[in-house]
Amino acid sequence: MGCLQEEIPPETLRFIAAANDMLTLSETVVLFPRWSRGVLPFWGRFVQAWDDLYDVARTLIDRRICEIEAQVSSGEPAEGLYLTYLLTSDQLSRSEVYTSVTELLLGGVDTTSNTLSWTLYHLARDGGAQERLHREVVSVCPDLQEPNSDDLSRMPFLKAVIKETLRLYPVVPGNGRFVSEDEVVVGNYWFPKKTQFHLCHYSLCHDEDQFENAELFKPERWLRGDSSRSKPTTGSYNHHPYSFIPFGVGVRGCVGKRVAEMEMFFALSRLMQKFEVQPEPGAPVVEPKTRTLLIPGKPINLRFLPRA
Ligand code: HEM
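Definitions and cut-offs
- Residues numbered from 1 in each chain as written.
- Predicted model: local features only at pLDDT ≥ 70, side-chain atom pairs only at ≥ 80, totals over all residues.
- Helix = DSSP H or I, 4+ residues; strand = E, 2+ residues; numbered from the N terminus.
- Buried ≥ 20, exposed ≤ 12 C-beta atoms within 10 Å, placed from the backbone.
- Contact = placed C-beta atoms within 7 Å.
- Near = placed C-beta within 6 Å.
- UniProt positions renumbered as here; feature names shortened; annotations may be inferred.
- Axes fitted to C-alpha atoms, helices over the stretch in contact; angles between N-to-C directions.
- Parallel < 35°, antiparallel > 145°, perpendicular 65-115°, else oblique.
- Left-handed = near helix turned anticlockwise from the far one by under 90°.
- Core = buried A, V, L, I, M, F, W, Y, C linked by C-beta atoms within 7 Å.
- Expected span 1.5 Å × (residues − 1).
- pLDDT = per-residue confidence, 0-100.
- Nonpolar A, V, L, I, M, F, W, Y, C, P; charged D, E, K, R; others polar.
- Domains from an automatic or database assignment.

1. Some words on the overall build of the chain
Thinking step 1. A count of helical and extended segments in the chain gives nine helices and eight strands.
Thinking step 2. Structurally, the chain occupies a C-alpha span of about 60 × 60 × 40 Å along its principal axes.
Thinking step 3. Taken over 308 residues, the chain has a buried fraction of 20%.
Thinking step 4. Taking the contacts inside the chain whose residues are at least 6 apart along the sequence as the reference set, 63% of them involve residues at least 24 apart.

2. Observations regarding the site of the ligand
Thinking step 1. Taken together, 22 residues sit near the ligand, with Gly 107, Thr 111, Gly 248, Cys 254 and Gly 256 positioned nearest.
Thinking step 2. Broken down by secondary-structure element, the contributors of at least two residues to the shell around the ligand are α4 (94-125) and α9 (257-274).
Thinking step 3. Tallying contributions element by element places α4 first for the shell around the ligand, with seven residues.

3. Points about the UniProt feature "binding site: heme" (unreviewed entry) in the chain
Thinking step 1. Cross-referencing UniProt, the feature "binding site: heme" (unreviewed entry) maps to Cys 254 in the present numbering.
Thinking step 2. Residue position: Cys 254 is located in the loop between α8 (201-205) and α9.
Thinking step 3. In contact with Cys 254, not counting residues within four places along its chain, are Phe 247 and Gly 248.

4. Examining unusual backbone geometry
Thinking step 1. For Asp 90, which is not glycine, the phi dihedral falls at a positive 65 degrees.
Thinking step 2. Phi at Asp 143 takes a positive value of approximately 55 degrees, unusual for a residue other than glycine.
Thinking step 3. Locating Asp 143 in the fold gives a position in the loop between α5 (127-140) and α6 (149-153).

5. Things to note about the packing of helix α2 (residues 42-73) against α4
For any two helices packed against each other, one specifies the inter-axial angle together with the distance between the axes.
Thinking step 1. Across the interface, α2 lies against α4 with an axial gap of 9 Å and an inter-helix angle of 110 degrees. Between α2 and α4, the interaxial angle falls into the category roughly perpendicular. As α2 runs across α4, the sense of the crossing is right-handed. Seen from α2, the contacting residues are Leu 53, Tyr 54, Ala 57, Arg 58 and Ile 61; seen from α4, they are Val 97, Tyr 98, Val 101, Thr 102, Leu 105 and Leu 106.

6. What to know about the nonpolar core
Side chains that are nonpolar tend, in soluble globular proteins, to be buried together.
Thinking step 1. Membership of the largest hydrophobic core comes to 25 residues, with the highest contact counts inside it found for Leu 133, Val 137, Leu 158, Val 161, Ile 162, Tyr 169 and Leu 268.
Thinking step 2. Elements with a contribution of two residues or more to this core: α4, α5, α7 (156-168) and α9.
Thinking step 3. If we ignore the near neighbours within four places in the chain, the residues touching Leu 158 are Leu 133, Glu 136, Val 137, Leu 152, Phe 265, Leu 268 and Ser 269.
Thinking step 4. Among the nonpolar cores identified, the runner-up in size contains 13 residues, and Met 22, Ala 49, Leu 53 and Val 56 belong to it.

7. Considerations on α7
Thinking step 1. Between its terminal C-alpha atoms α7 stretches 18 Å, which fits the 18 Å expected from 13 residues at 1.5 Å a residue.
Thinking step 2. Along α7, the residues that are buried comprise Leu 158, Ala 160, Val 161, Ile 162, Glu 164, Thr 165, Leu 166, Arg 167 and Leu 168.
Thinking step 3. On the buried face of α7, the contacting elements are α4, α5, α6, α8 and α9.

8. Here's the deal with the confidence of the model for the chain
Thinking step 1. When pLDDT is averaged along the chain, the result is 92; 96% of the residues meet or exceed 70.
Thinking step 2. Interface scoring of the predicted complex returns ipTM 0.99; its pTM is 0.91.

9. As for the packing of α5 against α9
Thinking step 1. Close contact between α5 and α9 brings their axes to 9 Å; oriented N to C, the two are set at 95 degrees. Considering the angle they form, α5 stands roughly perpendicular to α9. For the pair α5 and α9, the contacting residues are Leu 133, His 134, Val 137 and Val 138 in the first and Ser 269, Met 272 and Gln 273 in the second.
Thinking step 2. Tallied by class, residues from the contact of α5 with α9 come to four nonpolar, three polar and no charged.

10. With respect to the domain arrangement of the chain
Thinking step 1. In terms of domains, the chain is made up of domain 1 (1-91) and domain 2 (92-306).
Thinking step 2. For domain 1 versus domain 2, the separation of C-alpha centres amounts to 25 Å.
Thinking step 3. The partner domain 2 presents 13 residues to the 16 residues of domain 1 that form the contact.
Thinking step 4. Taken together, the elements giving at least two residues each to the side of domain 1 that touches domain 2 come down to α1 (10-29), α2 and α3 (82-88).
Thinking step 5. It is α1 that contributes the most residues to the side of domain 1 that touches domain 2, seven residues altogether.

Here it is as structure tokens:
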């Protein structure tokens, strides 16, 4: 979408602004009943934000449709990736493709970017962890060699750093499930049919019973057999499997999980190859806040010093 160009395209900026408006207003609109839609002004802005998101996605897709049509009319097969597949397989209607791509773009904007911001925030303040990560990356990919997925699978500390960031700041801080058909017993509690459950990732991930020194950034807690783990038999590696599910689980789990992981592993390893990251002088402590997603409460400002 051109975010890495010198000048970010206006449509992309419109998408980012609309995502911000929509996520900010979501917290308010869920509190108000349907009848208030014609009366309260923020509903208009909320709907406008969704319209903008949809519109930008539709413009991108329509552009791709023109390219595909040009390919086909010149006798070439329509070649491309996921979007081309969606458009040419006839399994979804055009409006379903628009909606699906709007959701995917939305899912991809704030999730990985906020997680990477927090990762860099901590690495900039923890020289030991940054040095360890840098050593791992350059030992697997020397001479600025671009990492591929095989290389990434040989970087356990890189994965541990991202996991630890998602534990401290699960960007999707909660997950809902509406259990409509069955009564459920959880622990010793009985819940009737039609109960709305809410799982708070944030509280689970910060639970001292599950993660020792839960408030500390300790990527090594995710490494099996690491000597720096303080409690080898009961450390956080042995936490309850459902106390850390930042991408959710099951059929409605995050569809972007693998894409997100690869994108973050790749971006972080490239950054580590090229830069040392430091906090800006006098940088404040940054606490998280919720804006539907969990995001930094203040801007995270960093210095990127080129590595020799
Ligand atoms: C750090 C990155 C990300 C995290 C932590 C994350 C987390 C989540 C979580 C917790 C859910 C709800 C899962 C559930 O209810 O069990 C979800 C759903 C979803 N995510 Fe992600 N996500 C991330 C990145 C992405 C990316 C990059 C995309 C798109 C490429 C994406 C697309 C989606 C979509 C479309 C859903 C809805 C799935 C459905 O309802 O069936 N996510 N994500």
